[in-house]
Amino acid sequence: MVTDNKGAIPEIELEGVTKRYRNAEVAVEGISLTVNRGEFVTFLGPSGCGKSTLLKLVSGLSPVSDGTVRVNGMTPENARELVSFIFQDATLLPWRTVERNVGLGMELEHAARLERKERVARMLDLVSLSHVAKRYPRQLSGGMKMRASIARALVSRPRILLMDEPFAALDEMTRDRLNEELLRLFSEQKWTVLFVTHSVAEAVFLSTRVVILAAHPGRVAHEIDVNLPWPRTAETRESKAFEEQVTQASRLLRGVYHV
Amino acid sequence: MTKRSLLTIFNSVIVFACLLGIWQAVVSLNRLPPYILPGPFAVLRAMHGRLPSLLNSLFITTEEAAGGLAASIVVGVAVAMVFAQWRWLRQVLYPYTILLQTVPIVAIAPLVINWAGAGILSVTIVTFIISLAPIIANTTQGLVSVDENLVHLFLMYKATPLQILYRLRLPNALPNLFTGIRISAGISVIGGITGELFAGSTRVGEGGLGYAIIYASNQMETGYLFALVFAATVLGFSFFFIVMFFEWLALHNWHESSRPQTAE
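Residues numbered from 1 in each chain as written. Chains lettered and ligands numbered in written order. Predicted model: local features only at pLDDT ≥ 70, side-chain atom pairs only at ≥ 80, totals over all residues.

A. Main features of unusual backbone geometry. Residue and element names in this part refer to chain A. Put simply, H216 and P217 share a cis peptide bond, and its omega is -5°. The topology assignment puts P217 in the loop between β8 (209-214) and β9 (219-225). The residue after W230, namely P231, is reached through a cis peptide bond having omega -5°. Note that P231 resides in the loop between β9 and α8 (240-258). Positive phi is not limited to glycine here, since N72 has a value of about 55°. Mapped onto the secondary structure, N72 falls in the loop between β4 (66-71) and β5 (83-86). Even without a glycine there, the phi angle at R157 is positive, about 50°. Checked against the element boundaries, R157 lands in the loop between α5 (142-154) and β6 (160-164). (Helix = DSSP H or I, 4+ residues; strand = E, 2+ residues; numbered from the N terminus.)

B. Just the nonpolar core, in detail. Core analysis: the biggest nonpolar cluster contains 82 residues, and A:V58, A:A148, A:A151, A:L162, A:V193 and A:L194 have the highest contact counts within it. Tallying contributions element by element places α5(A) first for this core, with seven residues. Sequence-distant contacts of A:A148, that is, excluding residues within four places in its chain, are made with A:A90, A:L92, A:V98, A:N101, A:V102, A:L129 and A:L140. Core analysis: the second largest hydrophobic core is formed by 51 residues, B:L143, B:F226, B:A232 and B:V243 among them. (Core = buried A, V, L, I, M, F, W, Y, C linked by C-beta atoms within 7 Å. Buried ≥ 20, exposed ≤ 12 C-beta atoms within 10 Å, placed from the backbone. Contact = placed C-beta atoms within 7 Å.)

C. Examining the pairing of strand β7 (residues 192-196) of chain A more closely. Residue and element names in this part refer to chain A. Of all five residues making up β7, five are buried, and the element is well covered by its neighbours. Of the two faces of β7, both are covered, the one formed by T192, L194 and V196 as well as the one formed by V193 and F195. Looking at chain direction, strand β3 (residues 40-44) and β7 are connected through four bridges and run parallel. When the bridges of β7 are listed, V41 appears paired with L194. By the bridge criterion, five bridges tie β6 to β7 in an arrangement that is parallel. Pairing of L161 across the sheet is with V193, part of β7. (Pairing = 2+ DSSP bridges.)

D. How the structure looks around the sheet that holds β4(A). Residues and elements named next belong to chain A. Reading across the sheet, the three strands line up as β2-β1-β4 and stay open at both edges, with antiparallel pairing between neighbours. Of all the strands in the sheet, the pair left with one neighbour each is β2 (26-36) and β4. Here the average twist between neighbouring strands, direction ignored, is 15°. Strand direction decides the pairing type here: strand β1 (residues 10-20) and β2, joined by seven bridges, are antiparallel. Within β2, the position partnered with P10 by the bridge is N36. (Axes fitted to C-alpha atoms, helices over the stretch in contact; angles between N-to-C directions.)

Put into structure tokens, the structure is as follows:
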């Protein structure tokens with residue numbers, strides 16, 4: 001439900017959203033959800049609950065079967081300029097160097113060369129990849145590839161980030177580090193984020209709100225407001241409050257898995 | 001160059017010399033007449049004696065094979081791009097590319113010569129036909145097998161279909177294209193020689209390696225025949241290595257096949 005904070009502006013609105021595939025399988029059914037500007041909302045749930053489908057619907061990569069999706073008051077297709085999608089794999093083009101990968105979007109939009117170079121350089125600096133700007137993706141570690149992928153998403157100055165299990169393939173230490181870096185950028189750039197993960201701890205650490213989905217068909221089962229103080233750092237993970245929130249979310253998630 | 005690779009070269013030379021020695025020994029000990037099996041020295045003499053016509057034949061075949069191969073690359077990539085863009089067209093026409101590959105070239109060559117006349121053009125057309133299928137098949141494969149999320153990424157940037165083709169599908173197909181060219185490079189030489197067997201003299205009084213092979217065979221000049229076979233082999237080999245070089249040039253920076261992975 002909408003948490004009616006004073007001055008909250010709805011950024012992503014889903015109303016009775018249903019997605020059926022051609023084989024009549026129902027991916028998500030009757031999902032209504034409002035995400036306000038500046039929120040970091042994470043979707044947790046068993047496989048088949050339609051977490052990834054929701055991101056595809058919000059990005060307009062996949063059309064809804066029923067209901068409406070509004071992004072900043074527009075249809076998802078029209079709102080694409082505001083949105084960056086980060087996939088589970090880094091999805092870098094192997095034939096381009098890191099800097100040319102990061103500049104891809106601006107290149108496709110025919111942005112001026114000089115501005116592109118400048119913004120790419122600044123973004124690489126922000127994710128600490130300046131030293132590998134001229135390297136090819138195959139020469140990078142998994143964590144560095146993901147950083148490059150994030151830099152590519154941010155270089156177009158998105159208002160909304162859709163992240164589909166971006167750190168799932170990384171080892172835990174790398175994942176924690178990248179989570180912290182992501183929040184540092186989040187506090188500076190103030191996007192609205194929809195984030196999909198399988199990790200309860202990651203969800204609690206990152207989010208302002210955790211949405212737990214149930215499967216077959218995908219629907220909202222629980223919503224948890226995460227009340228951890230900001231800024232969140234490595235120490236946050238050691239706090240009692242964090243532990244309690246993780247326990248609470250785990251319990252609710254377990255209930256959904258047993259259904 | 002490392003000590004190890006020097007040793008490899010040294011070993012190869014030794015083995016090659018031994019093979020030549022065994023060959024000469026077989027000829028000398030059995031007192032074989034040169035029209036049955038000439039020894040390596042007889043072959044060398046034949047090569048030396050007929051060097052101008054040998055080089056001329058080699059040049060003509062190179063011209064035909066290279067022309068046919070180049071045409072098959074241009075046409076093959078164009079066809080593959082059309083196939084990649086329209087799925088239904090691919091499904092309807094793809095069987096014909098397989099047909100192209102299975103039809104025996106020795107059966108096609110006389111037809112082509114019948115239509116285009118005995119000459120360089122006919123032989124070039126024959127090499128073109130025989131080289132085309134591997135390029136179409138491999139390039140189409142590369143254009144179509146693009147990671148779905150990469151397509152999504154381009155769509156998020158509102159990329160046009162043309163941008164997706166040039167910035168995503170074509171570079172993605174580059175390794176496959178080179179695989180196709182490598183296969184076609186070898187068979188284009190075979191196509192050229194086969195065409196010449198039927199076309200005969202492709203210029204007034206002279207012809208490519210295929211023509212010269214027929215001539216040498218009729219004249220029982222077995223030494224020259226050996227020299228021609230050697231030249232044809234070297235030609236196929238050079239085509240292959242030239243393609244390998246361009247492949248390395250285009251892919252060595254980013255593609256796994258060209259260099260062992262360098263981990264961070």
